[in-house]
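Here are the chains, one letter per residue:
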Amino acid sequence: MGGAKFIQGLLHGIATGSLPGVAPDAQVTVIANTADDWWIHGLKVCPDLDTVMYTLGDGIDPERGWGRRAETWSVKEELASYGVEPTWFGLGDRDVATHLVRTQMLDAGYPLSAVTKALCRRWLTPVHGDTVTLLPMSDDRVETHVAIPAPETPSGRRVVHFQEYWVRLRAELPAEAVVVVGLDSSTPAPGVLEAIAEADVVLVPPSNPVVSVGTILGVPGVRDAVRATTAPVVGLSPIVGTSHVRGMAEQMLTAIGVEVSAAGVGLNYGARSGGGVLDGWLVDERDRDQVDRLTAAGLRAAAVPLMMTDHDATAAMAAAALALVVDPA
Ligand code: FO1
Ligand code: CA
């Protein structure tokens, strides 16, 4: 959701000409996490791809931040009446159509990237023409699982799918480990490495650094591509003060032993000059005291307001991120 909102603000900034060094006909390629995906009721559901697609295509439910606007829930209610589990994960009636199309195309042999392209013809092309390209990070099945305490089991822990951790358990149990099944043997989807290599600038949005950006960087070849691109790489902190703005980054950072702070996340990505992936890192104005730690590690850093309250505020964040790494023309 952080990523989708950020892209929306970025596109608004491009359209209004308020981004330094960015032409009005700039192309945006979005590489989305697909490790939140899962199979449910026989359907392949890709929450992050769909959240970006529905948000940019003006079909998102703005209150929930996921699923379709003006949604109804007859399918969910009927499934519950049959006693079909899980009842805690809801597929809306409108949303189901997306999953039916996707699953049919996958069954017919199309890779996820081709399916995504087909779905985007409905959602992105009418609104954005060919300005925006949405790519899954990989065509392979990759799924994030979370280890939670389970005193009743011999090992004392149990592993659940990310969706079960987030939706059923509301991320209320501590995450003891994050296991991304299939990540090591996955390959980047067509266009992913090319987009990074050929970009003029790479933006890391204020998304979850572990289960969103972290999984994308973990697809073999992606981290190296980000390290090798001639484009500057700049990111925005999803942590303000000692908490995430929305989501469960706190739990996920704790699981991997990273300090829950804007500097902690920036230093964990690391400066490209020191073997990491970033050239610049933007933190919230309330974390101004962390800028020195970041610059000492070789990052360009600045503190600005980082709340995506509306498109203008988000475009201003994108502008500040670009200003960190793009030299004035
Ligand atoms: N989030 C919920 O809190 N409850 C749900 O029942 C639920 C269903 C759902 C269906 C399709 C979809 O694309 C997203 C859905 N989400 C739901 C959101 C999703 O669990 C997460 O917010 C993302 O995976 C985190 O990025
Ligand atoms: Ca996600």
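Residues numbered from 1 in each chain as written. Chains lettered and ligands numbered in written order. Predicted model: local features only at pLDDT ≥ 70, side-chain atom pairs only at ≥ 80, totals over all residues. Heavy atoms only, no water.

- An unreviewed UniProt entry annotates the protein chain as 2-phospho-L-lactate transferase of Nocardioides faecalis.

Notes on the packing of aromatic side chains
Ring pairs (aromatic) are described by centroid distance and by the angle formed between their planes.
Here comes step 1: In total, this model carries six aromatic pairs according to the counting rule given.
Here comes step 2: Pairing W88 with F89 gives two aromatic rings, centres 6.3 Å apart and planes at 85 degrees, and the pair type is edge-to-face.
Here comes step 3: What makes F89 buried here is its relative accessible area of 12%.
Here comes step 4: Members of the aromatic cluster, joined through ring pairs, are W38, W88 and F89.
Here comes step 5: Above the ring of Y54, the side-chain terminus of R68 is found at 5.8 Å from the ring centroid.
Here comes step 6: The cationic tip of K76 hangs over the ring face of W73; the distance from NZ or CZ to the ring centre is 5.6 Å. (Phe/Tyr/Trp six-rings, centres within 6.5 Å; stacked < 30°, edge-to-face > 60°. Buried < 20%, exposed > 50% of the residue type's maximum accessible area, 1.4 Å probe, protein only. Lys NZ or Arg CZ within 6 Å of the ring centre and 35° of its normal.)

As for the coordination of the calcium ion (ligand 2)
Here comes step 1: The protein atoms that coordinate the calcium ion (ligand 2) are D36 (OD), D48 (OD) and D48 (OD), at distances spanning 2.2 to 2.5 Å. Of this pair, D36 sits in the loop between β1 (28–32) and β2 (38–40) while D48 sits in helix α2 (residues 47–56), placing them 12 residues apart in sequence.
Here comes step 2: On the accessibility criterion, D48 (18% relative accessible area) is buried. (Donors = N, O, S within 2.8 Å, 3.2 Å for Na, K, Ca; no water. Helix = DSSP H or I, 4+ residues; strand = E, 2+ residues; numbered from the N terminus.)

Examining the environment of Q104
Here comes step 1: Mapping Q104 onto the fold places it in helix α4 (residues 93–107).
Here comes step 2: Taking the C-alpha atoms as reference points, Q104 and V127, separated by 23 residues in sequence, lie 25 Å from one another.

A closer look at the sheet that holds strand β8 (residues 202–204)
Here comes step 1: Strand order in the open sheet formed by four strands is β8-β9-β12-β13, with parallel pairing between adjacent strands. Two strands lie at the open edges of the sheet, namely β8 and β13 (300–304), each paired on one side alone. In this sheet, neighbouring strand axes are inclined to one another by 20 degrees on average, regardless of whether the strands run parallel or antiparallel.
Here comes step 2: As defined by bridge partners, strand β9 (residues 233–236) adjoins strand β12 (residues 280–284) across three bridges and the pair is classed as parallel. Bridge pairing in β12 places V234 opposite G280.
Here comes step 3: The sheet strands contacting helix α12 (residues 262–269) are β8 and β12, and the helix crosses β12 at an angle near 165 degrees. (Pairing = 2+ DSSP bridges. Axes fitted to C-alpha atoms, helices over the stretch in contact; angles between N-to-C directions. Contact = heavy atoms within 4.5 Å.)

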